[in-house]
Each structure stands twice: as structure tokens, then as C-alpha cells.
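Listed below, chain by chain, are the residues.
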Amino acid sequence: MVDIKRLGEHVGEVVEIRGWVETKRTHGKVAFLVVRDGTGILQCVLVKSQVDEASWETHDTLTQECVVSVTGEVREDARAPGGYELGVEKLVLLAPSEDYPIQPKEHGVDFLLDHRHLWIRSARQRAGLRVRAEVEQAVHDFFYARDFVRIDTPILTGSIGEHAGTLFKTDYFGQDAYLAQTGQLYVEAACPAFRRVYCFGPTFRAEKSKTRRHLTEFWMVEPEVAFADSDDNMRLQEEFVSYLVERALERCSEELKILERDTSALERVRPPFPRISYSEAVDELQAKGSDIQWGEDLGAPDEVALVEDRDLPLFVYNYPKEAKAFYMKENPEDPRTVLCDDLLAPEGYGEIIGGSQREDDLDRLRERIREEGLPEEAYAWYLDLRRYGTFPHSGFGLGIERTVAWITGRRHIRELIPFPRLMNRLYP
Ligand code: 4AD
Ligand code: MG
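Here we summarise the structure given alongside this text. As the structure is a computational prediction, the values presented were derived from the model and not from experiment.

Scanning the chain from terminus to terminus reveals 13 helices and 16 strands. When the backbone C-alpha atoms are referred to their principal axes, the chain occupies close to 85 × 55 × 40 Å. Of the contacts made within the chain by residues no fewer than 6 positions apart, 67% connect residues no fewer than 24 positions apart. Carbon and sulfur atoms make up 49% of the accessible area of the chain, which totals about 20200 Å². Within the chain, the 77 negative side-chain charges are centred at a point lying 3 Å from the centre of the 55 positive side-chain charges.

The tally for this structure, following the rule as stated, stands at 18 aromatic pairs. Sitting above the plane of the Trp294 ring, Arg336 keeps its charged end 4.1 Å from the centroid.

The subject of this paragraph is helix α13 (residues 400-408). The buried fraction of α13 is high, at 9 of 9 residues. Turning to α13, its buried residues are Ile400, Glu401, Arg402, Thr403, Val404, Ala405, Trp406, Ile407 and Thr408. Two residues or fewer after α13 comes Gly409, characterised by a positive phi angle close to 75 degrees.

Put simply, the largest pocket is a space of about 930 Å³. Residue lining of the largest pocket: 43 residues in total, with Glu162, His163, Arg205, Lys324 and Glu351 positioned closest to the centre. For the lining of the largest pocket, the secondary-structure elements that each account for two or more residues are β11 (217-226), β15 (350-357), β16 (393-399) and α13. In terms of residue class, the lining of the largest pocket is built from 17 nonpolar, 11 polar and 15 charged. Counted as a void, the second largest pocket has a volume near 700 Å³. Lining the second largest pocket are 23 residues, with Thr39, Gly40, Ile41, Glu254 and Glu255 sitting closest to its centre. The element best represented in the lining of the second largest pocket is helix α4 (residues 123-145), accounting for 4 residues. Here the residues of the lining of the second largest pocket sort into 10 nonpolar, 6 polar and 7 charged.

Taken N-terminus to C-terminus, the directions of helix α5 (residues 184-194) and helix α12 (residues 380-387) make an angle of 35 degrees; their axes are 10 Å apart at the nearest point. As for the relative orientation of α5 and α12, their crossing is left-handed in sense. Counted together, Gln184, Leu185, Tyr186, Glu188 and Ala189 of α5 and Trp381, Tyr382, Leu385 and Arg386 of α12 form the full contact between these two elements. Taken together, the residues that form the contact of α5 with α12 break down as 6 nonpolar, 1 polar and 2 charged.

On to the site of ligand 1. Neighbouring residues of ligand 1: 23 residues in total, closest Glu162, Gln184, Arg205, Glu222 and Glu351. Tyr327 is positioned with one of its side-chain polar atoms (N or O) 3.4 Å from a nitrogen atom of ligand 1. One nitrogen or oxygen atom from the main chain of Ile353 is found 3.3 Å from an oxygen atom belonging to ligand 1. Surface burial for ligand 1 is 94%, taken as the share of its 630 Å² of free accessible area covered by protein chains.

Relative to the helices and strands, Thr166 is located in the loop between β7 (156-157) and β8 (169-172). Exposure remark for Thr166: the relative accessible area of 15% places this residue in the buried category. At a separation of 2.9 Å, a polar atom in the side chain of Thr166 contacts the side chain of Gln181. If we skip the residues at most four places from it in the chain, Thr166 touches Gln181, Phe204, Arg205, Ala206 and Glu207.

Right, let's get into the nonpolar core. Val139, Phe240 and Trp406 are the most contacted members of the largest nonpolar core, which has 45 residues in total. Broken down by secondary-structure element, the contributors of at least two residues to this core are α4, β10 (196-204), β11, α6 (230-251), β14 (340-345), β15, β16 and α13. The dominant element in this core, judged by the number of residues it contributes, is α6, at 8 residues. In this structure, Phe240 is in contact with Val139, Phe142, Phe143, Val221, Phe396 and Leu398, ignoring residues within four places of it in sequence.

Definitions and cut-offs
Residues numbered from 1 in each chain as written. Chains lettered and ligands numbered in written order. Predicted model: local features only at pLDDT ≥ 70, side-chain atom pairs only at ≥ 80, totals over all residues. Heavy atoms only, no water. Helix = DSSP H or I, 4+ residues; strand = E, 2+ residues; numbered from the N terminus. Contact = heavy atoms within 4.5 Å. Areas by Shrake-Rupley, 256 points an atom, 1.4 Å probe, with all protein chains shown as cover. Lys, Arg positive; Asp, Glu negative; His and termini not counted. Charge placed at Lys NZ, Arg CZ, Asp CG, Glu CD. Phe/Tyr/Trp six-rings, centres within 6.5 Å; stacked < 30°, edge-to-face > 60°. Lys NZ or Arg CZ within 6 Å of the ring centre and 35° of its normal. Buried < 20%, exposed > 50% of the residue type's maximum accessible area, 1.4 Å probe, protein only. 1 Å grid on protein atoms, 1.4 Å probe; cavity = no way out; pocket = protein on both sides within 12 Å on 5 of 7 lines; lining within 4 Å. Points joined across faces, edges and corners; volume = space filled by probe spheres on them. Nonpolar A, V, L, I, M, F, W, Y, C, P; charged D, E, K, R; others polar. Axes fitted to C-alpha atoms, helices over the stretch in contact; angles between N-to-C directions. Left-handed = near helix turned anticlockwise from the far one by under 90°. Near = heavy atom within 4 Å. Polar contact = N/O pair within 3.5 Å; in protein donor to acceptor, adjacent residues only side chain to side chain. Core = buried A, V, L, I, M, F, W, Y, C linked by side-chain atoms within 4.5 Å.

Structure below.
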């Protein structure tokens, strides 16, 4: 048995492939069959006079998504999808599939999400998920090449990582535990051990918003670097994001074509990215007619307004303290703000990264934890990091689904995770 992807190595040979039937049609004494084996798509041709009767009859019974074994000669054919075709000698049905729910027609999105376990087989979904897999591999390659150590951080935690408002709480033998909103506090702890570290895993937020860019379970990559300031942090982000885009362009051109992604803007994504301060962003938004006031966090529509006409990602840096999490370092030049940045993806996508320099001063950090009303006991270990050899450090979190939605040009991030978890969806 060979992979469809490797057929080029077998031209002129008789091979067997196994896979799922996508479509079939018959023109008199010639019959066609398109098979997907997970590595590619192959058109198979049966000529009645050249196959045994059983194979010809089997073709007649085939339905969408049944499993077949097809044996035949590999022929080059520029018009066929993938560039090859199979001159069938033998066709065997391995497993039936009757009344497959997803037909080659338009279905409503709720129907498709209810059938996500089947929907992932279709062309555009496959393309999006393959780009995701490539981007994830690129994440590891990028950090490995730069001497980062990967740290796996806990999913069950006792300390709130971001906002008390979006916690999933669970019972942990009589104690409250939370599903991790971030691995950040733990990679900060690993920094003195390895200097450059990152974590990559699922994170959880009880988002009660039904938007195209919120999931309750999403994957985040979070690097953390000792002796890096906010400026170093932004430079790492622009290099990293440019690398992810470049890898997708380089290795997923077929997929981007299937998704009808216009890649011209992506091709221009390379450092440096433009930077504006939060205060400049507010001015720009007010000039565009927004009624945003200094001090308020940027909402999704504000972000869209800032990047809808851009084709490079945009940094917005140094937000007001009250709009951001407790661990960010106060800006010595303007203590109303913190040393942080959000990276907004262009073409109207908005935030894909949140990053900051961390508060490394023990007293100030303790003060911030108190101000936020967080339980101090749960952060004793985190405060220890400032007690025993504190150091300037910075890091960021990049959301995989939002990043891949932008790269693939898909509107909803729910299509870029195999099994999305949304406020109103736990099935399948
Ligand atoms: O800006 P956030 O909340 O930052 C953090 O969690 C920091 N602890 C990261 C760090 O400094 N180590 O989230 C980071 C990114 C966002 O920019 C966004 O891409 C993604 O995570 N994200 C979500 N993606 C999908 N659904 C949600 N509900 C998301 N919330 C955040
Ligand atoms: Mg954020």
C-alpha cells in the first residue's frame, strides 16, 4: 500500500491505495472515482473492458466516505488533482458508509459544528488544520533553534493566572482548583533554571462571549526570557510571527490555495512591525470617531479599526495599568501605564499576542496582588521568585487559533481547532 502523496515515486508501477470515497461518476463504459487517503486525493479510472466484473459492480455500489482498496497503474496526468491518476485493475469495498450526513452542498454552521467529527474530513477544514499543524511545528522549531527549553506547565492550578472573571473552577479533593488560563507564572519560575523557556499547551477561559475570536479552550505558546525588557520582547515577537507566516507560505501553499487566501499581504510580513503607544492608539481612534476614553481597554471593534487598512501587524504598547493583569511592570516614565504590548494582526484580525515585562520588585508586586483582591497565600511561591534572585524578564502569549485564522484568512477561529469548545458547545 502506498500513500497518494508519494505516487510520483511509482509512475508506471501497479500499486494499492486505501482510502475514503469522495465522489464518483460513470460515463458509459468508463467510471471515475475520487479517493482521499489522508495524504492526498486521487482520481481512479475504471474501464469496463479492463477490470473484472466484481470491481465494476463494486463501483456501482460506492457511496460517499465508504472505504475502498484500489489497485492499478500510476499514470502521470497534469489535469488530475495532484498530477497523477490510477488506471484501476481491482477495486474492493472495505467498509460501507450509508447516508453520510455532510453532502457536497451548503450546510448551516450549527449543523456542521454538530458534525465536527465528520466535517474535519472536508477540503477546507483539512487545509486549515494542516496549516495549524505546520504553524505548531514551526513554533517548536523557532524556539529550539534559539536555545529555549520547553517547559510543560500544569493545567490544574491553585493560582489565578489572568482574570478572576473567566475561571473554570473544579473541585480538587475538597479544595478549589482552576483550569489554567495561562502557563506564564510557571514559565517565569523556570526562567532562573534555563534562562530562555516556553510553554505550549491548552488554556481555558470561561468566556461568556459568543464572538468569532473567543474559544473557551484554546492553545497558547508562551515564551519567557530572563534579562529581556519590553523592547527585546517586541523584537522577539516580530521575529517569531514573521517566521510562522514564512513557514506557512513556504510549506502550505496548496492549503492556502484551497482556502483562497490572497497571500500578497502575508508575503510582506517581516520585521520591524510598526509600533504605537496606547495613548496614540486612543488619539487615532478618537480621530476616527470612536468615543473611547483614555484608561479604557481597547475592544475588538477598536482593534479592527486600528488594523483594517494595514498589511503589517501593529504593536500597541504601554496600556493603562487598570486595563491589564497584575503581574505587568509599572512604566517608570508614566506610572499610570505598564510596560506591555498587544500585537494586532492586520486585515482586521486584531490581537494575536499579549506580552509584557514582568513586575520584578517584590513590594510592588505584592501591592498589585492586594489591589486586585487576589488571595495572597496562593501567590507565595510566585513572590518567592522576587525574593530569591529577582531579575528583569519579559514574555508573551500567542494564541494559535487566532494566528492561524489570520494566516489562513478564515473569519472564525472555531474552524482552526479540531474540536472547538465554545460557550454553548461541548459536543462532539
Ligand atoms: O493577552 P492574554 O490574556 O495574555 C496572557 O495570557 C499572558 N499570560 C501571556 C503571557 O504574557 N505569557 O492572551 C494571550 C493570547 C491573546 O493575544 C489571544 O491570541 C489568545 O491568547 N487568547 C484567546 N484565543 C482564543 N480564545 C480566547 N478566549 C482567548 N483569550 C486569549
Ligand atoms: Mg490580551
